[in-house]
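Residues per chain are reported as follows:
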Amino acid sequence: MADNKQIAREILEAVGGKENIQELLHCVTRLRFRLKDVSLFEKETVKSIPGVLGVNIVGEQYQVVIGQTVGEVYKELCTLADIAEKKMVEDDAMDKPKEKLTPKKIGSNIIEYLSGSMIPLIPNMIVAGMFMTISTVLGPTMLNLITEEDPLYQLCNFVYSAFFSFLPIFLAITAAKKLNTNTFLSVMLGTLLVVDDLAAYGLNGETFMVYDIFPARVAEYGNSVMPILLTVWVMSYVLNFFKKHINNALSNMLVPFLTFAVMIPLELCILAPLGSYLGDGLGNVLIAFGNVAGPIGLAIIGAFWIFIVLTGMHHVLIIFGVTTLMQVGADGFVLVGAHIGTFACYGMALGAFLRIRNTSEKGVAFGHFVTGIIGGITEPAIYGIGFRYKKPFIGMCIGGAAAGLFAGITGVKQYVMGATNILGLVNFLGGGTHSFVCAMIATGIAFFGSAILTYLFGFDESMTCMKKNTE
């Protein structure tokens, strides 16, 4: 198998040499080129280079899929082409060309705002979820090693509450960063939603009068999502308005004060209640859709999740799933289907590794499997096995469909947003023993079912001995 320097040298030649490179970046798995003369890009030659998993062309960007060694190949390319290295970009940071503001673009911007505000908090969700998992496993619902009065049990719940009870504050930070607006004003608006004395009005069903003028039906916003996201978005426009119209000499005092003074009634009387209704409605719609689609709907997501990821629609579905999880405490549709589809992909990689005979190709397939099951990244298996050999996708889809059907019938639910690798199994512990056992079985069906089907039917005899053409 060619080394990283050889891979870089062959790629550089196939893209037209260093003089043809306008910009070179990389993400988790791909090299990203902007070329001066795109006619010099030899797509088929690039695809045939050992170590290259595939080629994508998105707008003016030419993407070469490398996999887990992309960082090393990128460094070699920069050295050969005499280009200064840059930091890794997000996977989707440059995938979309600029578009005019159309209804479709507006919808895309909304999803981008939601995902950009929520996805950075996934590590926090994992931490909170892991502590809740410890209390669930050791507590009365499973092993019964500690009681609800035990300090360890209480501590785990305190850690969980430290995130989810103050979720609007965390979201205020990420939303402000996404909109490039004032973080501390955003945090203060988020804090206002979780002030105990104000929240008490919501618990008692009382109306709070803002400025003795505007009635506000305050609700419990501690674990809400949409209220603060709507608030920070509107605040960004209010803040810019005052910045534009207030003299610089007075702006340090008046801009933040007037912004907050205007936002208080807007937040408490309009935006927070509206966001609460939207959040509840979104969760209820997804739950209702999952109930209507039933096990068949979950089977479809499990079968085709990887292809949904390739279209980019997974961002929309994941946001809906995470919103449902935050609003009602569990999701039994999108997140479960995503987990199953992901493990079906890992199973496909394992089946390919076991079946392929050529030593070099076998080692590559094993690398794709390890990258997935340990690293939680599916792209190497998708491009290096699925798209390369085609037939393994069939086993993956059947395994995912069977697992989704079982999960739907047994009512599997995901209780925390966690890892996408083997540790992702702990995401299902919150519902007790039955839920976890059924989730384990569903994961096993997806993983081992896909591996067995790929091994038995995913390759023709000639494909198992296949050597890549390097001439």
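For clarity, every value in this text was computed on a predicted model and none was experimentally measured.

## A short note on the side chain of Thr443
Stage number 1. Within the secondary structure, Thr443 sits in helix H17 (residues 433-457).
Stage number 2. For Thr443, the residues in contact, after removing those within four places along its chain, are His339, Phe343 and Leu425.

## Here we look at the environment of Ile445
Stage number 1. With respect to the element layout, Ile445 can be found in helix H17.
Stage number 2. Among the residues examined, Ile445 registers a relative accessible area of 27% and is labelled partly exposed.
Stage number 3. Spatially, the C-alpha atom of Ile445 lies 7.7 Å from that of Gly400, the residues being 45 residues apart in sequence.
Stage number 4. Not counting chain neighbours up to four residues away, the residues in contact with Ile445 comprise Gly399, Ala402, Ala403, Phe406 and Ser450.

## Some words on the nonpolar core
Stage number 1. Membership of the largest hydrophobic core comes to 94 residues, with the highest contact counts inside it found for Met125 and Leu229.
Stage number 2. Take this core: its biggest share by element is 14 residues, from helix H13 (residues 334-355).
Stage number 3. Filtering out sequence-adjacent residues up to four positions away, Met125 remains in contact with Met118, Phe163, Phe164, Val322, Met326 and Met417.
Stage number 4. Core analysis: the next-biggest nonpolar cluster, separate from the first, contains 25 residues, Ile11, Leu12, Val46 and Ala81 among them.

## Structural notes on the packing of aromatic side chains
Stage number 1. The full count for this structure, using the stated rule, is 14 aromatic pairs.
Stage number 2. Plain terms: the ring middles of Phe353 and Phe366 are 4.9 Å apart, the flat faces sit at 50 degrees to each other, and that makes the pair tilted. Of this pair, Phe353 sits in helix H13 while Phe366 is found in helix H14 (residues 359-373), placing the two residues 13 residues apart along the sequence.
Stage number 3. Residue class for Phe366 comes out partly exposed when judged on its relative accessible area of 38%.
Stage number 4. Of the aromatic side chains, those joined through ring pairs into one cluster are Phe304, Phe307, Tyr383, Phe387 and Phe393.
Stage number 5. One cation-aromatic arrangement involves Arg355 over Tyr455; the distance from NZ or CZ to the ring centre is 5.7 Å.
Stage number 6. Cation over ring: Lys362 sits above Phe353, and NZ or CZ is 4.8 Å from the ring centre.

Thresholds, definitions, all that
- Residues numbered from 1 in each chain as written.
- Predicted model: local features only at pLDDT ≥ 70, side-chain atom pairs only at ≥ 80, totals over all residues.
- Heavy atoms only, no water.
- Helix = DSSP H or I, 4+ residues; strand = E, 2+ residues; numbered from the N terminus.
- Contact = heavy atoms within 4.5 Å.
- Buried < 20%, exposed > 50% of the residue type's maximum accessible area, 1.4 Å probe, protein only.
- Core = buried A, V, L, I, M, F, W, Y, C linked by side-chain atoms within 4.5 Å.
- Phe/Tyr/Trp six-rings, centres within 6.5 Å; stacked < 30°, edge-to-face > 60°.
- Lys NZ or Arg CZ within 6 Å of the ring centre and 35° of its normal.

Nothing here speaks to function; it is geometry throughout.
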